[in-house]
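Inside the fold
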Amino acid sequence: MKKRKIVISLLILLIIFLLIKTFLFRETLYIKDFDSVSKDYTLIKDMLFKYYDRENNSEMLILVIDDKTYELKENDIGKEVNMSEEEKESLKKICETSYKGHYDYLWVTDYYIIFWQDETKMYGVIYTRDYKKSKKEIKSWYGDGIQFRKIKKGWYEIGHFGI
């Protein structure tokens, strides 16, 4: 009987601990209401993967976002990415409404895309087809200080949170 009370007490304590951890120490996302812009992110992601494949780029394509016209240009050569009006509107919506700051750069590879806040790369949103591979590669550049916070399947916030 005494053993049973101890086990029940331990289970209750474990449940209380898990509830506290879940609700009090939950990481909050910097991005606002991802669901309202997820179609826009997906449209841009799909367009960029097609562009990357079509242009047959090597390791990484770096794109600059023009914050006035919401057009994309290749960073090294200034070549403009051909975008439809719908894609430009989606990029505008992403940049203006989804994050409290703004995005300046996009990194595109064959398995991930990162929307970077600016050249400091302190915050971004990444879509990845291979989370483990992307995380390992990015941590090799930035060390263990860079963190990933899951938004939904395939989508993560990436950055140096709390700095």
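As a starting point, this report considers the structure included with it. (Residues numbered from 1 in each chain as written. Predicted model: local features only at pLDDT ≥ 70, side-chain atom pairs only at ≥ 80, totals over all residues. Heavy atoms only, no water.)

Counting through the fold element by element, S134 comes out in helix α4 (residues 131-142). Beyond its immediate stretch of four places on either side in the chain, S134 contacts Y111, Y112, I126 and T128. (Helix = DSSP H or I, 4+ residues; strand = E, 2+ residues; numbered from the N terminus. Contact = heavy atoms within 4.5 Å.)

Looking at the secondary structure, you find S84 in the loop between β2 (72-74) and α3 (85-97). C-alpha of S84 to C-alpha of M47: the two residues are 37 residues apart in sequence and 9.8 Å apart in space.

On to the packing of aromatic side chains, then. Tallied over the entire structure, the rule returns 15 aromatic pairs. When the ring of Y111 is compared with that of Y112, the centres are 5.1 Å apart and the planes differ by 85°; the resulting orientation is edge-to-face. On the basis of relative accessible area, Y112 is assigned to the buried category, the value being 0%. Taken together, the aromatic side chains of F34, Y41, F49, Y103, F115, Y127 and W155 make up a single cluster linked through ring pairs. We note K133 situated over the ring of Y111; from NZ or CZ to the ring centre the distance is 4.3 Å. (Phe/Tyr/Trp six-rings, centres within 6.5 Å; stacked < 30°, edge-to-face > 60°. Buried < 20%, exposed > 50% of the residue type's maximum accessible area, 1.4 Å probe, protein only. Lys NZ or Arg CZ within 6 Å of the ring centre and 35° of its normal.)

All right, on to unusual backbone geometry then. Non-glycine residue Y70 carries a positive phi angle of around 55°. By the element assignment, Y70 lies in the loop between β1 (61-65) and β2.

Right, let's talk about the sheet that holds strand β4 (residues 112-116) for a bit. Strand order in the open sheet made by the 7 strands is β2-β1-β3-β4-β5-β7-β6, with antiparallel pairing throughout. Among the strands making up the open sheet, the edge pair consists of β2 and β6 (147-152). Direction aside, the axes of adjacent strands within the sheet are offset by 25° on average. Where β1 meets β2, 3 bridges bridge the pair, whose relative direction is antiparallel. Residue pairing in the sheet places V64 in a bridge with K73 of β2. Its contacts with the sheet place α4 against β3 (105-108), β4, β5 (123-128), β6 and β7 (155-159), and it is angled at close to 50° to β4. (Pairing = 2+ DSSP bridges. Axes fitted to C-alpha atoms, helices over the stretch in contact; angles between N-to-C directions.)

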